[in-house]
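The primary structure of each chain is shown beneath.
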Amino acid sequence: MRIAFDMDGTLADLSSAYAEIEERLFGAADEEAKHPAPEAREAEQHSRRRTSARSRDQVWRAIESTPDFWTTLKPLEDGAVKRLYELTSEHLWEVFFITQRPSTAGGTVQRQTHTWLVEHGFATPSVIPLSGGRGKAASALFLDYLVDDTPQNCVDALSESSARTILLVDRDDHTAQASALRIGIGVAHSVHEALDLLVEANAARGNPSLFEKLRRLVGWK
Ligand SMILES: [Mg+2]
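Notes on the structure in this doc start here. (Residues numbered from 1 in each chain as written. Predicted model: local features only at pLDDT ≥ 70, side-chain atom pairs only at ≥ 80, totals over all residues. Heavy atoms only, no water.)

### Some remarks on the coordination of the magnesium ion
Selection rule: The donor definition counts N, O and S atoms within 2.8 Å of each metal and applies 3.2 Å to Na, K and Ca; water is not among these atoms, so some sites may look incomplete. Secondary structure elements follow DSSP: runs of H or I of four or more residues count as helices, runs of E of two or more count as strands, with numbering from the N terminus.
The protein atoms that coordinate the magnesium ion are Asp 6 (OD), Asp 8 (O) and Asp 149 (OD), at distances spanning 2.1 to 2.2 Å. The motif formed by the donor residues of the magnesium ion, counted along the single chain, is D-x1-D-x140-D. Of the two residues, Asp 6 is situated in strand 1 (residues 2–6) and Asp 149 in the loop between strand 6 (145–148) and helix 6 (151–160); the sequence distance between them amounts to 143 residues.

As structure tokens, then:
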């Protein structure tokens, strides 16, 4: 099987790192914003959108100026990258790591991502930094499966390739789950759960009735 994994929000915890930088830059202001004086509320609502766009730019500038920022992220789930590596050897999967991370100070995105994956237990990662959408990549790589935390990436892969997709969704996000299933995107609540699904899909290869059962259970079209 040929499988691609997204990085941020799937394997690597970008949002905690982002929140830490945001707090470092705007910590005090944020506290004030949580408990504004009543008369300040209306004015604040007016300016909030503009402020948040500006602060987002500042956070990204801080990220981009941090040397080798992409090597500093924490994994989202303990042992998931290592387990993926073990499964890859066991089942002879061809695995790709695809990402649209912006470049930062230090090494290239590809090199930083490679370093991170090796550090977390995937000894021989193939990292593919993309500048376009995932659909064309999924098609060119003849992917069988894509694991991603962004619905749009799954939709792109579905519409432009024959890959089946597994979307990572919070357990309590019923809306996201329902809309994913409606268009044939499979859903998992963790990378470990996605890996379980891939192991089942692997076992069902060459057994059409077993695969059909799994396909219906997962919601793949
Ligand atoms: Mg992502």
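On we go.
### Focus on helix 9 (residues 208–218)
Short version of the rule: Whether a residue is buried, partly exposed or exposed follows from its accessible area with a 1.4 Å probe, protein chains only, as a fraction of its type maximum: under 20%, in between, or over 50%, in that order. Summarising the geometry, the arc corresponds to the directions from the helix axis toward the C-beta atoms. For this analysis, residues touch if any pair of their heavy atoms sits within 4.5 Å.
Every buried residue of helix 9 is listed here: Phe 211, Leu 214 and Val 218. One side of helix 9 carries all its buried residues, which in axial view fall inside an arc of 60°. Turned more than 90 degrees away from the buried face of helix 9 sit Pro 208, Ser 209, Lys 213, Arg 216 and Leu 217, all of them exposed. Lining the buried residues of helix 9 we find strand 6, strand 7 (164–168), helix 7 (174–182), strand 8 (186–188) and helix 8 (191–203). Of the residues flanking the end of helix 9, it is Gly 219, one or two places downstream, whose phi is positive at about 100°.

### As for the pattern of salt bridges
Where charged atoms from two side chains of opposite charge approach closely, those side chains can pair. Condition: The working definition used for a salt bridge is a side-chain nitrogen of Lys or Arg within 4 Å of a carboxyl oxygen of Asp or Glu.
Evaluation of the coordinates by the stated rule reveals nine salt bridges. The salt bridge involving Asp 6 is made with Arg 134; its shortest N-O contact spans 3.0 Å. Here Arg 134 lies in helix 5 (residues 134–140) and Asp 6 lies in strand 1, a separation of 128 residues in the sequence. Close ionic contact of Asp 196 with Arg 83 constitutes a salt bridge, the shortest N to O distance being 2.6 Å.

### Comments concerning the packing of helix 3 (residues 80–91) against helix 8
What counts, and what does not: Inter-axis angles, ranging from 0 to 180 degrees, are taken between N-to-C directions of lines fitted to C-alpha atoms, where helices are fitted over the stretch in contact. In what follows, roughly perpendicular refers to angles from 65 to 115 degrees, roughly parallel to angles under 35, roughly antiparallel to angles over 145, and oblique to any angle outside these ranges. Only Asp, Glu, Lys and Arg are considered charged, only Ala, Val, Leu, Ile, Met, Phe, Trp, Tyr, Cys and Pro nonpolar, and every remaining residue, Gly among them, polar.
Running from N to C, helix 3 and helix 8 cross one another at 10°; their axes reach a closest spacing of 10 Å. When the axes of helix 3 and helix 8 are compared, the pair comes out roughly parallel. Along its contact with helix 3, which presents Ala 80, Arg 83, Leu 84, Leu 87 and His 91, the element helix 8 presents Val 191, His 192, Leu 195, Asp 196, Val 199 and Asn 202. The residue inventory of the contact of helix 3 with helix 8, partitioned by class, reads six nonpolar, three polar and two charged.

### Here we look at the sheet that holds strand 5 (residues 127–129)
Our working rule: Strands are treated as partners if at least two bridges between them are detected by DSSP.
Strand order in the open sheet made by the six strands is 5-4-1-6-7-8, with parallel pairing throughout. The sheet is open, and its two edges are formed by strand 5 and strand 8, each paired on a single side. For this sheet, the mean inter-axis angle between neighbouring strands, taken without regard to orientation, is 25°. In terms of strand pairing, strand 7 meets strand 8 through three bridges, oriented parallel. The partner of Leu 168 across the bridge, within strand 8, is Ala 188. Across the sheet, helix 6 is in contact with strand 6 and strand 7; its angle to strand 7 comes to roughly 175°.

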